[in-house]
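Summary of the model geometry
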Amino acid sequence: MNPSVSRKKGAAMWIRSVEENIRRAALIVAPPLMRLALLLPFLRSGLTRWDGFLSLSPATLFLFENQFKIHVLGAAYDFPAPDLVAFFVALAEIVLPVLLLVGLATRMAALALLIMTGVIQLVFPDGWANFHLYWAALAAGVMALGPGALSLDRLIRRRACPRAAGGLPGEDPG
């Protein structure tokens, strides 16, 4: 065999090996980082909405009753039942980030935050390029990759069904 061809095959195998190691490391690191990046803006917002246990702050109520409008087809509409919407939004902005933090019901929490991002986009149509696009991308990424190895979802799956839990995506579950 030609030594030049042998070196090229060896270099190609080495590159594939390095790429595979990068992929495996990213599959461990990316899901928790994405969960963290997605949960932070929502949790920060949620922490500002409360004025004691299950008591919404007056500022939150004012925003939902008077300031926040849904922009659709060039018109602005009030939220229906703004106090109830404010309560559920404030609750979701705490509960969903906590679920992401621990990696529990991860894909469902990410889907709920993606839906919230869509509604927020209707309230703040100018926020797409600066915030909402990134939140949507993170939510979609978490939904696609799942919770990752560092999550309660993974622990529960391993305990409930050890054979089916498998390893990281792309690994043989057996």
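Everything that follows concerns the structure shown earlier in this document.
Now for a quick tour of the structure. Note that the structure is predicted; figures quoted are calculated from it, not measured. (Residues numbered from 1 in each chain as written. Predicted model: local features only at pLDDT ≥ 70, side-chain atom pairs only at ≥ 80, totals over all residues. Heavy atoms only, no water.)

1. Looking at the nonpolar core
If you look at the biggest cluster of nonpolar residues, it comprises 15 residues, and the most contacted ones within it are Leu38, Phe42, Leu96, Leu100, Leu113 and Met116. Elements supplying a minimum of two residues to this core: α1 (3-48), α3 (82-102), α4 (106-123) and α5 (128-145). Here this core takes five residues from α4, the largest share from any one element. The residues touching Met116, leaving out its near neighbours within four places in the chain, are Phe42, Val89, Ala92, Glu93 and Leu96. By size, the runner-up hydrophobic cluster in this structure holds nine residues, among which are Trp50, Ile70, Phe79 and Val123. (Core = buried A, V, L, I, M, F, W, Y, C linked by side-chain atoms within 4.5 Å. Buried < 20%, exposed > 50% of the residue type's maximum accessible area, 1.4 Å probe, protein only. Helix = DSSP H or I, 4+ residues; strand = E, 2+ residues; numbered from the N terminus. Contact = heavy atoms within 4.5 Å.)

2. Digging into the pairing of strand β2 (residues 75-78)
Across four bridges, strand β1 (residues 69-72) lies against β2 in antiparallel orientation. Paired with Val72 across the strands is Ala75, a residue of β2. Between β1 and β2, which pair antiparallel one after the other, the connecting turn spans two residues, and Leu73 there sits at a positive phi close to 50 degrees. (Pairing = 2+ DSSP bridges.)

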